[in-house]
Amino acid sequence: MFGLLAALIAVPTGVLDWAEVKREKPAWKWGLYHMMVNLIVIILYGMNLGLRLGSYREAAGVGQAPLFFSALGTLLLLVSSYLGGRMVYDYGIGIARHSKEKWRKVAEEGGARLPPEKREEQA
Amino acid sequence: MIKDLLQGKPFKHPLHPFLVHFPVGLFLFSLVLDVASLIFPAEPTLEPAAFYSMGFGVATALLAAVPGFVDYLDIRKDHPARAKAVHHMLLNLAAVGLYGLNLGLRYSQADGQQVGWLPFVLSCVGVGILSVSGYLGGTIVYADGVGVGRHRRRSPGPKQTIEIKALGAAAPREPVSVAKAGALQDGETLRVKLANVVVAIARQGDEYFAFQEFCPHRYGPLSEGKIEKGTVECPWHRSCFDLATGEVKQGPAKIGLKTYKVTVRDDTLWIDFPSG
């Protein structure tokens, strides 16, 4: 339940990050798959929660169906988090988005040739 | 190689930021269970569940610490993120130490009752420390770009910037000797700072190239880039530049690099820094 709540809070930030990725970049597709798998996971956990709702006070141990849903959910989460991680560490999405002013100053001091200061750039 | 594995290079993703989700989630959930045990005192399962969640938290935290430390060792010695990483590590060690203590306290009184005030306060402090240190760790990635694109580079990056101060206030008009040519293997780079000017020097085959350190896109560190087929690729967003001319071979960067002339004389690299 707390997992689902926290997941729903994380959704809008993810969608906004994705909206900044340009359509023609490979990371756009990665983001799309990452989002779709996450949505499936949320739905699975929602169903899982529904299945457990009736019987969570009984000490009978977890039933087969909820256990299967949880295993599947965990597996899918691993897949989608790997996709999300690759977007950051391989494609640099979100890297230096907030720190680019700081790095620009460092680069200016370092005598680098730089583009004229201008509008927001996107990675 | 074990180090490459611990840095996650085969997965194109560092291991430490993947593994930390387990301790962070488990420690946080342990506190959630504590709060629940305070709200529902008649529920006997909550307090032991908080104990086990914390136990797995400590175990996975120790697991995550190993690749984290290996990542730290590869940050350039004069990189601003290096000090941040030390703080991140010290805070994490403090948090794990507190959770170890917390576990010990709980173990001696795990009786299905409500959580005691001392273990509860320790958990609150633990989550507080983790939040600060997690944020620090995040800025090391998102602001300083540590670990980003690192797996594409085959050779180790420069350990330290070579600082050449001296030569008076005026920029030199003579070439400056910066390093022994033998210090650089094929595909490796140096990072050199003369007065304020920061330059990356790369070797490909038997040729040496010097160009500005900062990528003109988001100012990523080109001395940590991949040197291949006569180009350097920025580790952050894969902008690609010609080593000899500095021109853009592939975006997102739109303008080319400033390049410097390198000569090898007496097994020493000399660079022409433009005056003014």
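Definitions and limits used
Residues numbered from 1 in each chain as written. Chains lettered and ligands numbered in written order. Predicted model: local features only at pLDDT ≥ 70, side-chain atom pairs only at ≥ 80, totals over all residues. Heavy atoms only, no water. Contact = heavy atoms within 4.5 Å. Buried area = accessible area lost by both parts, 1.4 Å probe. Salt bridge = Lys/Arg side-chain N within 4 Å of Asp/Glu carboxyl O. Polar contact = N/O pair within 3.5 Å; in protein donor to acceptor, adjacent residues only side chain to side chain. Helix = DSSP H or I, 4+ residues; strand = E, 2+ residues; numbered from the N terminus. Nonpolar A, V, L, I, M, F, W, Y, C, P; charged D, E, K, R; others polar. Disulfide = S-S within 2.5 Å. Buried < 20%, exposed > 50% of the residue type's maximum accessible area, 1.4 Å probe, protein only. Phe/Tyr/Trp six-rings, centres within 6.5 Å; stacked < 30°, edge-to-face > 60°. Lys NZ or Arg CZ within 6 Å of the ring centre and 35° of its normal.

Caption draft 1: Quick peek at the interface of chain A and chain B. Taken together, the contact between chain A and chain B spans 35 residues of the former and 40 residues of the latter. Interface area lost by chain A to chain B is led by A:Tyr89, A:Trp103 and A:Arg113, which between them contribute 25%. Taken together, the links from chain A to chain B amount to 3 salt bridges. Of the charged contacts in the structure, one is a salt bridge between B:Arg238 and A:Asp90, with a shortest N-O distance of 3.0 Å. On inspection of chain A and its partner chain B, the count reaches 16 residue pairs in polar contact (both at pLDDT 80 or more). When contributions to the side of chain A that touches chain B are tallied by element, the ones reaching two or more residues are helix H3 (64–89) and helix H4 (100–109) of chain A. Tallying contributions element by element places H4(A) first for the side of chain A that touches chain B, with 7 residues. Residue classes in the side of chain A that touches chain B are distributed as 16 nonpolar, 7 polar and 12 charged.

Caption draft 2: Focus on the state of the cysteines. Residue and element names in this part refer to chain B. On inspection of all chains with the given rule, the structure shows 0 disulfides over all chains. Its sulfur unpaired, cysteine 215 is 4.0 Å from the next cysteine sulfur, which belongs to cysteine 234. By relative accessible area, which is 1% here, cysteine 215 ends up buried. Cysteine 240 carries a free sulfur, and the closest cysteine sulfur to it, the one in cysteine 234, is 9.7 Å from it.

Caption draft 3: Fine view of the packing of aromatic side chains. Residue and element names in this part refer to chain B. Scanning the entire structure with this criterion turns up 9 aromatic pairs over all chains. Geometrically, the ring pair formed by phenylalanine 69 and tyrosine 72 is tilted, given 5.9 Å between the ring centres and 35° between the ring planes. Taken together, the residues span about one helical turn, with phenylalanine 69 and tyrosine 72 both in helix H4 (residues 46–73) at a distance of 3 residues. Classification of phenylalanine 69 as partly exposed rests on a relative accessible area of 41%. When its relative accessible area of 16% is taken as the criterion, tyrosine 72 is described as buried. Among the aromatic residues, those joined into a ring-pair cluster are Phe51, Tyr52 and Tyr107. For the cation-ring pair, arginine 82 lies above tyrosine 72, with the distance from its terminal atom to the ring centre recorded as 4.5 Å. Positioned above the aromatic ring of tryptophan 270 is the side chain of arginine 265, whose terminal nitrogen or guanidinium carbon lies 4.4 Å from the ring centre.

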